[in-house]
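Descriptive analysis of the structure
Here's the letter readout for the chains.
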Amino acid sequence: RMCTYKRDVCFYITTPIFYVNAAPHIGHLYSAVTADYLHRYKRMRGCKSKFSTGTDEHGLKIQQAADVAGKEPRIFCTEVSDTFKYLFQRCNISYTDYIRTTEDRHRRAVEHFWTVLQNNGFIYKGCYEGWYSTQDESFLTPSQVGDSTDRTGRDIKISLESGHKVEWMKEDNYMFRLSAFRSPLQQWLKDNPKAVQPERFHQAVLQWLQDDLPDLSVSRQRSRLQWGIPVPGDPDHTVYVWLDALVNYLTVAGYPEGHSEWWGSAHHVVGKDILKFHAIYWPAFLLAAGLPLPQTVYVHSHWTVGGQKMSKSLGNVVDPVERSERFTVDGIRYFLLRQGVPDSDCDYYDDKVVKLLNSELADSLGGLLNRCTAPSLNHAQVYPHFCNKCFPREPAGGDTDTRATREDYKMLEDVSRLPGVVEQHFESLQAYKALEAIAGCVRQTNGFIQRHAPWKVDLRDPQNQRWLDTILHVSLECLRLYGALLQPVVPATADKLLSRLGVGPDERGWETLHFLNRYHGKNCPFEGRKLGPDTGVLFSRLDRPDANQS
Ligand code: ME8
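One structure accompanies this document, and this report is about it. Everything numeric in this text was worked out from a predicted model, so none of it was measured.

So, how was this worked out
- Residues numbered from 1 in each chain as written.
- Predicted model: local features only at pLDDT ≥ 70, side-chain atom pairs only at ≥ 80, totals over all residues.
- Heavy atoms only, no water.
- Buried < 20%, exposed > 50% of the residue type's maximum accessible area, 1.4 Å probe, protein only.
- Helix = DSSP H or I, 4+ residues; strand = E, 2+ residues; numbered from the N terminus.
- Contact = heavy atoms within 4.5 Å.
- Core = buried A, V, L, I, M, F, W, Y, C linked by side-chain atoms within 4.5 Å.
- Near = heavy atom within 4 Å.
- Polar contact = N/O pair within 3.5 Å; in protein donor to acceptor, adjacent residues only side chain to side chain.
- Areas by Shrake-Rupley, 256 points an atom, 1.4 Å probe, with all protein chains shown as cover.
- Pairing = 2+ DSSP bridges.
- Expected span 1.5 Å × (residues − 1).
- Arc of directions from axis to C-beta.
- Axes fitted to C-alpha atoms, helices over the stretch in contact; angles between N-to-C directions.
- Parallel < 35°, antiparallel > 145°, perpendicular 65-115°, else oblique.
- Left-handed = near helix turned anticlockwise from the far one by under 90°.
- Nonpolar A, V, L, I, M, F, W, Y, C, P; charged D, E, K, R; others polar.

Notes on helix α17 (residues 491–501)
Looking only at α17, the buried set comprises Pro491, Thr493, Ala494, Leu497, Leu498, Arg500 and Leu501. Buried residues belonging to α17 abut α1 (26–44), α12 (329–339), α13 (350–373) and α16 (462–486). Just beyond α17, the residue with positive phi is Gly502, at close to 85°.

Written out as structure tokens, the structure reads:
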């Protein structure tokens, strides 16, 4: 299955564009790292991959936040957008495009898109009456609304899903014929069982589509909302911020000119909070515009702190820049993807990060690299030779010098299968399972070395030298695979590891993942090669945080 990939196939991956009403937190970084590993993985497979992220800057919520900050909206947006950009650059998020909805190229795309929807007969003038949440920029049906009280004890109505306050709104505006798309959307989901992943969310969308789909208000009166894109031909109205925001994916693809190369291969990473917008509104808009639908909407759950949603008012927001300084960039990337389970919410706490990184990156992986490259064992600092007599293909072979055990063969089997396992999990957004499988193999390789205790081998016997070399060769081959497979997740650490092994920059693609060629009687390009220079500890152990720090 490893060779089934066609080179130069296009892959286009996106994160949500983030609201600029508040600074980024660990949840935003999680979405970005998720999209980043997919982008890096696809590139490793030889795909042409485009990766976009950016900020969502229009709407009442942003207008209000700028007011509170006492700033011009445009200046306010630039400041906050820059904090997202800084975070992503710092954390090695390898986006190829950073989009801001206040850019001209985006306004042109939205205007064009709107005009196409209108010309196709899917936009009409009507009157919207119902509940609206400014925090979510979302319309709600009566069954999605419940009672609550605000901080001053007053009775208010809230969105049952987000808990945010809702208000009754009655306004003449432009409506989109969403109701026309209920059965086309059901058909799309039935024909494409992987359109929304993981499966649980695919089912959730189908469930929503069991209910009626009311038409959607897609504009606000200019008198209520100025901070946005005017409706083409009717400047008394402003385009609804979600229609504006979703079109960003097309803008980056080059819409309205020359988007066809990328548009057919769009994949969206989103949090579960915005699933409805991406799996119902967005495909309906696209169908109405006569454009292809996204290939996949990848959905992930949320990070909580102390079991609660992160929020400014609770004061429990985890700052990703600060954590990337404390735990290193690769440390926080590894933690998020190793512990983040897309299907369900995960609780964040610092001690969990320290324990995981110390055990898997510092001790297990770093320890393995140390052992195989330590000058005390590996005097010549080379990728040593493999001896087929020491480690024959047939475990019970006749007159060989084999010392390989049944567990060793089991390890070989597991490591050989690892690329396929990692591929499967990477592609279905289960990075944690991929990393778990890699960590399991690293443990087995450490066990292999422990079992054969190369430091005890008596080198006065030349046969023993061949056996020692074989142990090291096998271990380095394991490490080479682990390093290559970890590149999408911890690029800097993987680079350090592979460079130490002497693996060149063009020897790190998916096509290099043939494990232990020599065992299979083939040539190994690394055998006999000098190791790379020793650049120090692979991943430094971290101190446990004090109780009051976490
Ligand atoms: O919704 N855990 O922007 P937003 C994990 N502008 N991920 C989280 C998270 C958490 N606790 N909190 C947020 C918007 N996220 C719109 C999107 S797209 C055309 C427009 C991530 O700033 C997650 O991906 O509220 C979520 O969907 C997104 O940030 C929401 O970011």
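Some details on the nonpolar core
Counting 179 residues, the largest nonpolar core has Phe113, Phe176 and Phe285 as the members making the most contacts within it. The leading source of residues in this core is α16, at 13 residues. Contact partners of Phe285, with chain neighbours within four places excluded, come to Phe113, Leu117, Phe176, Leu216, Val218, Leu243 and Leu246.

Here's the deal with the site of the ligand
Surveying the vicinity of the ligand reveals 23 residues, the closest of which are Ile17, Ser31, Asp56, Asp273 and Trp303. Between the ligand and Asp56, the relevant distance is 2.7 Å, taken from a nitrogen atom to a side-chain nitrogen or oxygen of the residue. Taking 670 Å² as the accessible area of the ligand by itself, protein coverage stands at 92%. Only β1 (10–19), α1, α7 (241–246) and α8 (248–253) provide two or more residues apiece to the shell around the ligand. With four residues, β1 is the single largest residue contributor to the shell around the ligand.

Remarks on the pairing of strand β13 (residues 234–239)
Here strand β11 (residues 219–221) runs beside β13; their pairing, made up of three bridges, is antiparallel. Bridge pairing in β13 links Arg220 to Thr238. Pairing geometry for strand β12 (residues 230–231) and β13, over two bridges, is antiparallel. Looking across to β13, one finds that Val231 is bridged to Asp234. Here β12 hands over to β13 after two residues, with Gly233 in that stretch at a positive phi of 80°.

Looking at the sheet that holds β12
Pairing is antiparallel in the open sheet, where three strands are placed in the order β11-β13-β12. Single-partner strands in this sheet number two, and they are β11 and β12.

Regarding helix α3 (residues 73–90)
A rise of 1.5 Å per residue sets the reference length of α3, with its 18 residues, at 26 Å; its end C-alpha atoms lie 26 Å apart and thus fit the reference within 8%. Those residues of α3 not exposed but buried are Pro73, Phe76, Cys77, Val80, Ser81, Phe84, Leu87 and Phe88. One side of α3 holds all its buried residues, which, seen down the axis, span an arc of 120°. Summarising the contacts, the buried residues of α3 are in contact with β1, α1, β2 (48–56), α2 (60–69), β3 (97–100) and α11 (320–327).

Some points on the packing of α13 against helix α15 (residues 431–452)
Where α13 meets α15, the closest approach of the two axes is 10 Å, and the angle between their N-to-C directions is 40°. On the basis of the axis angle, α13 is oblique to α15. Judged by the sense of rotation from one axis to the other, the crossing of α13 with α15 is left-handed. In this structure, α13 uses Glu360, Ser364, Leu365, Leu368, Arg371 and Cys372 to contact α15, whose residues at the interface are Ala439, Val442, Arg443, Thr445, Asn446, Ile449 and Gln450. Taken together, the residues that form the contact of α13 with α15 break down as six nonpolar, four polar and three charged.

What about the packing of helix α14 (residues 406–427) against α16?
Pairs of packed helices are described in terms of their axes, by the angle between the two and the distance that separates them. Closest axis-to-axis distance for the α14/α16 pair is 11 Å, and the angle between their directions is 5°. The orientation of α14 with respect to α16, classified from their angle, is roughly parallel. Facing α14, whose interface residues are Met411, Leu412, Val415, Leu418, Pro419, Val422 and Phe426, α16 presents Val474, Cys478, Leu481, Tyr482 and Leu485. Of the residues that constitute the contact of α14 with α16, the class distribution is 12 nonpolar, no polar and no charged.

Quick word on the side chain of Ser49
Among the secondary structure elements, Ser49 is positioned in strand β2. Taking the relative accessible area as the measure of exposure, Ser49 reaches 4% and is therefore buried. Once residues within four sequence positions are removed from consideration, Ser49 is found in contact with Phe11, Ile13, His39, Lys42, Arg43, Thr96 and Trp262.

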